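Chain by chain, the residues run as shown.
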Amino acid sequence: MSHPLADFRSDTVTLPTARMLESMLAARVGDDVLGDDPTVRKLETRFASLFGKEAALFMPSGTMANQAAVAAHTVPGEEVIVDASAHIFQFEVGGLSRVAGVHVRTLDTENGQYAFGQLARAVRPVNDHMPRTGLICTEQTHLFSGGTIVPLDYLEEVYSLAHHHGALVHMDGARIFNAQAETGIDFVDYGKFCDSLMVSLSKGLSCPIGSILIGDGSFIERARRVRKWLGGGMRQVGYIAACGLVALEETVPMLGEDNARCRRLGGAILGIDGVQMAQATIDTNILFLEITQASIDAPMVEAALADEGILTLALGHRLLRFVTHRHITDADLERAVAALQTVLKP
Ligand SMILES: Cc1ncc(COP(=O)(O)O)c(C=O)c1O
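Residue numbers run consecutively from 1 along every chain, following the written order of its sequence. A pLDDT threshold of at least 70 governs which residues receive local features in this predicted model, and a stricter bar of 80 or more applies before side-chain atom pairs are shown or counted, although totals over entire chains, interfaces and linings include all residues.

(A) Fine view of the site of the ligand. The criterion for a residue being near a molecule or strand is a backbone-placed C-beta atom within 6 Å of that molecule or strand. The local shell around the ligand holds 13 residues, among which S61, G62, T63, H87 and A174 are the closest. The dominant element in the shell around the ligand, judged by the number of residues it contributes, is helix α3 (residues 62-73), at 3 residues. Just so you know the grouping, Ala, Val, Leu, Ile, Met, Phe, Trp, Tyr, Cys and Pro go in nonpolar, Asp, Glu, Lys and Arg go in charged, and all remaining residues, Gly too, go in polar. Class assignment of the residues belonging to the shell around the ligand gives a composition of 2 nonpolar, 9 polar and 2 charged. Numbering of helices and strands runs from the N terminus; a helix is a DSSP stretch of H or I covering at least four residues, while a strand is a stretch of E covering at least two.

(B) Broad picture of the sheet that holds strand β9 (residues 275-277). Two strands qualify as a pair provided that DSSP identifies no fewer than 2 bridges between them. Spatially, 4 strands are ordered β9-β10-β13-β12 in an open sheet, and the strand pairing comes out antiparallel. Looking at the sheet topology across the chains shown, the edges are occupied by β9 and β12 (313-315). Put simply, the sheet's adjacent strands are angled 35° from each other on average, direction ignored. Pairing analysis gives 3 bridges linking β9 to strand β10 (residues 286-291), with the strands arranged antiparallel. Within β10, the position partnered with Q276 by the bridge is E290. Between the N-to-C directions of two axes lies an angle of 0 to 180 degrees, each axis being a line fitted to C-alpha atoms and, for a helix, fitted only over the stretch in contact.

(C) Region of the structure containing the domain arrangement of the protein chain. Taken domain by domain, the protein chain holds domain 1 (6-13 + 254-343) and domain 2 (18-250). The source of the domain bounds is an automatic or database domain assignment. A separation of 28 Å is found between the C-alpha centroids of domain 1 and domain 2. By definition, residue pairs are in contact when their C-beta atoms, positioned from the backbone, come within 7 Å. At the interface, 18 residues of domain 1 touch 18 residues of domain 2. When contributions to the side of domain 1 that touches domain 2 are tallied by element, the ones reaching two or more residues are α12 (255-269) and β10. Considering each element in turn, the side of domain 1 that touches domain 2 owes the most residues, 4 residues, to α12. A breakdown of the residues in the side of domain 1 that touches domain 2 according to their chemical character gives 6 nonpolar, 8 polar and 4 charged.

(D) Highlighting the packing of α3 against helix α10 (residues 217-229). Two numbers describe how α3 lies on α10: the axes approach to 8 Å, and their chain directions differ by 120°. As far as their axial angle goes, α10 and α3 are oblique. Considering only the axes of α3 and α10, their crossing is right-handed. Contact residues: M64, A68, A69, A71, A72 and H73 in α3; F219, R222, A223, V226 and R227 in α10. Partitioned by chemical class, the residues of the contact of α3 with α10 number 8 nonpolar, 1 polar and 2 charged. Throughout, the term roughly parallel applies to angles under 35 degrees, roughly antiparallel to angles over 145, roughly perpendicular to angles from 65 to 115, and oblique to all others. In this scheme the handedness of a crossing depends on how the near helix is turned from the far one: anticlockwise by less than a right angle means left-handed, clockwise means right-handed.

Here is the structure:
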């Protein structure tokens, strides 16, 4: 293959910036399991205060952070309400039952938003025969509706409903920075309407590894024990945490460009026969397409595009995913659109 690769599969393919690599060399580190790593402490303090919370915990992955959050908020046998299409339910290997030992109640959502009547009815009454509803989960941005931004007033209503019934809220904020780049809403306001949240450093922010779990002090202490139990205690991890501090200054401000590029990609693809958008809006950096041409399916389109150096992700028979990130250029967009046009030519 002679073409340079344009990798639209995910924003997780991003590589650390030169400044991140330099920050690794310069990082002051220590044994973080013993609480000795000053760079990790700094990262955790920065992110906790960014979202107006007491404490934070550097985690190896978003998956571990989400699962540790659920385990730290609940006791086994409690019920957790999750969106049926959420990452925490669909793509974390059943961790909710295996790690937290919770009873899971899934609800369908529209663009990541529960219908309030349905949500209110799903919260269990106090009853000796039923599990207690301990936690409600939200996701920002909502991945499977195409990186949709979940509005703040909706998050506020979920939070009030949960607290009214004595339940808590955990937000999977893997791509909350992509949402904030569009809304301009203060991170502290996002922090107000959840008891804990996870943010990913290793997606559009371009850090090589890591997520941060954020919440109040006693919650973070419990989550730290779960992290240790899961084998996620890391030693001189300040080398990695240093990249997260750079990200706040360098790559977070770039996410608006990724979002805008995704909208341009969607606009250009709209004109091509044999494909349509499989989402209502392009709010951020994720675009799901439905291949409507009968003679070709999504895995075939994925393979044909890959031959042209355009990497995408087929999800099932008809869905194809494009994700923009800082390595995707305008020239890559043009190549992707031209290649798709060729592949779908009847
Ligand atoms: C919405 C969402 N939540 C959680 C995760 C899990 O993050 P990680 O891959 O770091 O485990 C992902 C990863 O793609 C994600 O997209």
